[in-house]
Amino acid sequence: MNRAALSLVFGLAASFVVAQKPITITFLHNNDLHAHIEPTNIARKPYGGYARIATLLQRFRAQDKNVVFLNAGDVFQGTLYFNVYEGLADLSLMNLFAPTAMTVGNHEFDRGPAPLGKFAKGSSFGPLLAANLDVSGEPALKGMIEPSKVVEIDGEKLGIVGAITDDLLSISSPGPTVKVLPLEASVQKAVDALTAQGITKIVLLSHCGFGEDLQLAKKLKGVDLIIGGHSHTPLGIPALPGWPKAAGAYPTYAKGADGANIPVFQAWEWGKVLGRFKADFDAKGNLVKVTDNAPIVVDESIPEDPTAAAIIEALKKPIASLQNQPIGDTKVEIPRDRLPGGDRLMGNLIADAMLAATAKQGAVAAFTNTGGVRSSIDAGPITYGEAISVVPFNNTLVLLDLTGDELFRAIEFGVEKGGQLIPSRGTSYTVKGGQLVEVKIGGQVIDKAKTYRVCLNSFTASGGDGHEILKAAAGKRTDTGMVDIDAFVDFIKANSPLDPKSEGRIVSGN
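Procedures and definitions
Residues numbered from 1 in each chain as written. Predicted model: local features only at pLDDT ≥ 70, side-chain atom pairs only at ≥ 80, totals over all residues. Heavy atoms only, no water. Bend = angle between axes of the 7 residues up to and from the residue. Helix = DSSP H or I, 4+ residues; strand = E, 2+ residues; numbered from the N terminus. Buried < 20%, exposed > 50% of the residue type's maximum accessible area, 1.4 Å probe, protein only. Contact = heavy atoms within 4.5 Å. Polar contact = N/O pair within 3.5 Å; in protein donor to acceptor, adjacent residues only side chain to side chain. Pairing = 2+ DSSP bridges. Axes fitted to C-alpha atoms, helices over the stretch in contact; angles between N-to-C directions. Core = buried A, V, L, I, M, F, W, Y, C linked by side-chain atoms within 4.5 Å. Phe/Tyr/Trp six-rings, centres within 6.5 Å; stacked < 30°, edge-to-face > 60°. Lys NZ or Arg CZ within 6 Å of the ring centre and 35° of its normal. Arc of directions from axis to C-beta. Salt bridge = Lys/Arg side-chain N within 4 Å of Asp/Glu carboxyl O.

Bringing helix α9 (residues 306-323) into the picture now. Lys317 marks the point of greatest bend in α9, at about 60°, and the proline Pro318 comes within the next four residues. Along α9, the residues that are buried comprise Ala308, Ile312, Leu315, Ile319 and Gln323. Taken together, the buried residues of α9 touch α2 (50-63), α3 (80-85), α4 (88-97), β21 (380-383) and α11 (384-390). Two or three places before Thr307, at the opening of α9, Asp305 has a side-chain oxygen 3.3 Å from that residue's backbone nitrogen.

Now the structure itself:
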C-alpha cells in the first residue's frame, strides 16, 4: 500500500472515531448471586429470586432504550442448587437473562476449572471476562475467558473489560494451570487495546471488591465507570427491616489517573436488588452524567416470570425433599455478621460443630474462617437447605498439630490481614488497637512452646485466605474426611433448640 493510500486509511479511521453521536445507555447489573435461585427471607419477607429478576430485566428492556445488563461474578456457590448442579442450574437461568457480559468471580473456581468450563461452554453470552487471568494452559477454559468484549448499541461501540480479585489463588481452587496476572497493568493494557481501536466508551466489570475498585479507579486512564462485586457492598439501598445500612452512595465517585470522575457501582448480594442507572455519553464518548441511579428492590411486589418460574420448578424437584427436611430449630435468629461485642454467633456455632466432630480425635479447639460463614438463620425451624446455605463449600475437617507460637501467629495474621479465625467454645482471644495481645485455650493463656491439636476446614488448613503459616506447619496433619456441612447438621440435631449468646470469644478494644 502506498503512502497516499495509507494516509487515506488512517484519515478514514480518525474520522470514524470522531464521528460518534451522543447516546444514553441504561445499565442493569447484579453481582454475587451465589446460586440464590429462589428468594431469600429477611425479617420473614422474601427478596430476590431469579424469576423476579427475569421480570425486571424484561420490564426495563421494554421500557428503556439501549439497555446493557452486566453480571460482576460469583454466580456459583451458596445453596443446594450449586451443590447439586455445580452452576448448570444457574446457567439455565442466566441464558434466559441474556447478560451482555459477565466477569468471573473467585467462587467460580471453588471446584476447580472443570465446572466453570462447562458453564462457559454452555453460555449464550460468552466469552467470560477477566483481563488479569491467563487460562491458556487450562484445557477446560482455554479460549473461554477473555480480557474484554466489544458490543454495539444503537450504532455505538461499548468496550467492557473484566477483572477478578488478585488473591484468587489463596481464596479459591483454580489449580496450577490458571495464572493470575498483575491487576492494574492487565486492566490498563485491555483498556488501551480498546482505545487503540477507537473505542472511547469503556466499562470495567470488576470482581475485586468495592474498596479495591475505588483504589484501582485512581490508577486507571480511559475507564468511564466501574460496575463491581466480590465485597457484597450495599450501596444506596433503602432502610428496610433486617437490611444493613447502606455502605455508601450509589454510585460512589473516584478520581481517575486522567482526571475523570469515575462512578463506582455495586448491587449488594444474592439478587436482592438489581442495579440500575442511565449513563449519558457525549459525541466524543465522554461520560457526561449519571441519572436515574437507584438499586431496585427485588421484592414480592414484582411478579415472577412464568418461563423462569417453570425452569426453577423443574430444577428444584430433585432437591426439594432434601432442602425442606427439618433438622432442628433455634429460639433466636443467629446472625452471620459480627456483633458489637466482637463475637460472630453463626461462626461460633460452626466452630463448635467442628470441635464436637473431632474432639474424640484429640482436637482441643476449632477455628472457622469468616469467609466460610455465608448466611444467617431466622428464629424457628431449621431446614437442611438453610444449613447448607450457611456452610456451602463442602470442605473437609482437618486436624493440625500446631505449636502455640504457630497458632498465635495464625490468629494474628487473621486479625491484621484478613481471613479472621473464629474460635470454638473454650478458646478466646483479645485484640487491642488492631493488634492481637492474648490467646486463651481452655481458659489458659496459650503456651507458645506447647503443641495443640486444632480442627480447621480444609480450605484454611491448606493456606486459604493467605494463611501460609497453617499451610507450612510441619506438625501432624490429618484430613478426617468428614465434611463440614455434615458436622454442622449433626451439631444442630444434637443441640436443638439452639439459643446462642455472645460469650466474648473475640474481645476487641482500644
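From this point, the narrative continues.
Before going further, it helps to spend a moment on the sheet that holds strand β12 (residues 201-207). Taking strand neighbours across the sheet as the criterion, the six strands line up as β9-β10-β12-β13-β15-β14 in an open arrangement whose pairing is mixed. Of all strands in the sheet, those bounded by a partner on one side alone are β9 (148-153) and β14 (252-255). Here the average twist between neighbouring strands, direction ignored, is 25°. Inspection of the sheet shows β14 paired to strand β15 (residues 261-266) by four bridges, in the antiparallel sense. Within the sheet, the bridge partner assigned to Tyr253 lies in β15 and is Pro263. Set on the sheet, helix α7 (residues 183-196) makes contact with β9, β10 (156-164) and β12; between it and β10 the angle comes to about 165°. On the sheet, helix α8 (residues 210-217) packs against β12, β13 (225-228), β14 and β15 and is oriented at approximately 35° with respect to β14.

Right, let's talk about the nonpolar core for a bit. Core analysis: the largest hydrophobic core is formed by 75 residues, its most contacted members being Phe109, Phe119, Ile145 and Phe488. Leave out the neighbours within four places in its chain, and Phe119 touches Val75, Phe76, Gly87, Leu88, Leu91, Met94, Met102, Phe125 and Leu128. Counting residues in hydrophobic clusters, the runner-up holds 45 residues, among them Ala72, Ala101, Ile226 and Phe281.

A few words now on the pairing of β14. Here β14 shows a buried face lined by Thr252 and Ala254 and an unburied face lined by Tyr253 and Lys255. A loop of five residues connects β14 with β15, the two strands running antiparallel in sequence, and Gly259 in this loop sits at a positive phi of about 90°.

What follows deals with the sheet that holds strand β25 (residues 435-441). Here we have four strands laid out as an open sheet, ordered β26-β25-β24-β29, and mixed in their pairing. Since the sheet does not close on itself, it has two edges, and those belong to β26 (444-445) and β29 (506-509), each with one partner. Bridging between strand β24 (residues 427-432) and β25 involves six bridges; their strand directions are antiparallel. Bridging from a neighbouring strand, Thr427 pairs with Ile441 of β25. Along the sheet, helix α12 (residues 404-417) makes contact with β24 and β25, crossing β25 at roughly 135°.

Residue placement: His36 occurs in the loop between β1 (23-30) and β2 (40-42). Taking relative accessible area as the criterion, His36 reaches 8% and is therefore assigned buried. Looking at His36, its side chain comes within polar contact range of the main-chain oxygen of His34, at 2.9 Å. With near-sequence residues (within four places) excluded, His36 lies in contact with Gly49, Tyr50, Gly78, Thr79 and Trp270.

This brings us to the packing of aromatic side chains. Considering all chains together, one arrives at 11 aromatic pairs under this definition. With a centroid separation of 6.2 Å and an interplanar angle of 70°, the aromatic rings of Phe119 and Phe125 are classed as edge-to-face. When sorted by exposure, Phe119 lands in the same class as Phe125, which is buried. Chaining the aromatic ring pairs together yields one cluster made of Phe27, Tyr250, Phe265 and Phe277. Against the face of Phe408 rests Lys448, its NZ or CZ located 4.2 Å from the ring centre.

Here we take up the pairing of β12. Where burial is concerned, most of β12 is hidden: seven out of the seven residues are buried. Covered by surrounding structure in β12 are Lys201, Val203, Leu205 and His207 together with Ile202, Leu204 and Ser206, the residues of both alternating faces. Sheet topology places β10 next to β12; seven bridges connect them, and they run parallel. When the bridges of β12 are listed, Ala163 appears paired with Ser206. As paired elements, β12 and β13 share four bridges and run parallel to each other. Bridged to Ser206 within β13 is Gly228.

Considered for burial, the residues of α8 that qualify are Phe210, Asp213, Leu214, Leu216 and Ala217. What you see down the axis of α8 is that its buried residues fit within an arc of 165°, all on one side.

Glancing now at unusual backbone geometry. Peptide bonds are trans in most cases, and residues, glycine excluded, mostly fall at negative phi. The peptide bond linking Gly126 to Pro127 adopts the cis configuration, its omega dihedral lying at 0°. Along the chain, Ser496 connects to Pro497 via a cis peptide bond; the corresponding omega equals 0°. Mapped onto the fold, Pro497 is located in the loop between α15 (484-495) and β29. One non-glycine residue, His230, lies in positive phi territory at about 90°. When you line up the elements, His230 lands in the loop between β13 and β14. Even without being glycine, Trp268 reaches a positive phi, approximately 50°.

Once that is clear, we can look at the pattern of salt bridges. Per the stated rule, a full pass over the model turns up 16 salt bridges. Put simply, Lys21 and Asp154 hold a salt bridge, and the shortest N to O gap is 3.4 Å. Pair noted here: Lys21 is in the loop between α1 (3-18) and β1 and Asp154 is in the loop between β9 and β10, with a separation of 133 residues, a long-range link. Taking the relative accessible area as the measure of exposure, Lys21 reaches 33% and is therefore partly exposed. For Asp154, a relative accessible area of 46% puts it in the partly exposed group. A salt bridge links Asp64 to Arg276, with the shortest nitrogen-to-oxygen separation between them at 3.0 Å. Residue Asp64 is located in the loop between α2 and β4 (67-71), and its partner Arg276 is located in strand β16 (residues 273-281); the two are separated by 212 residues in the primary sequence. Assessed through its relative accessible area of 9%, Arg276 is described here as buried. Among the ionic contacts, a cluster of salt bridges with common partners joins Asp64, Arg276, Lys278 and Asp292.

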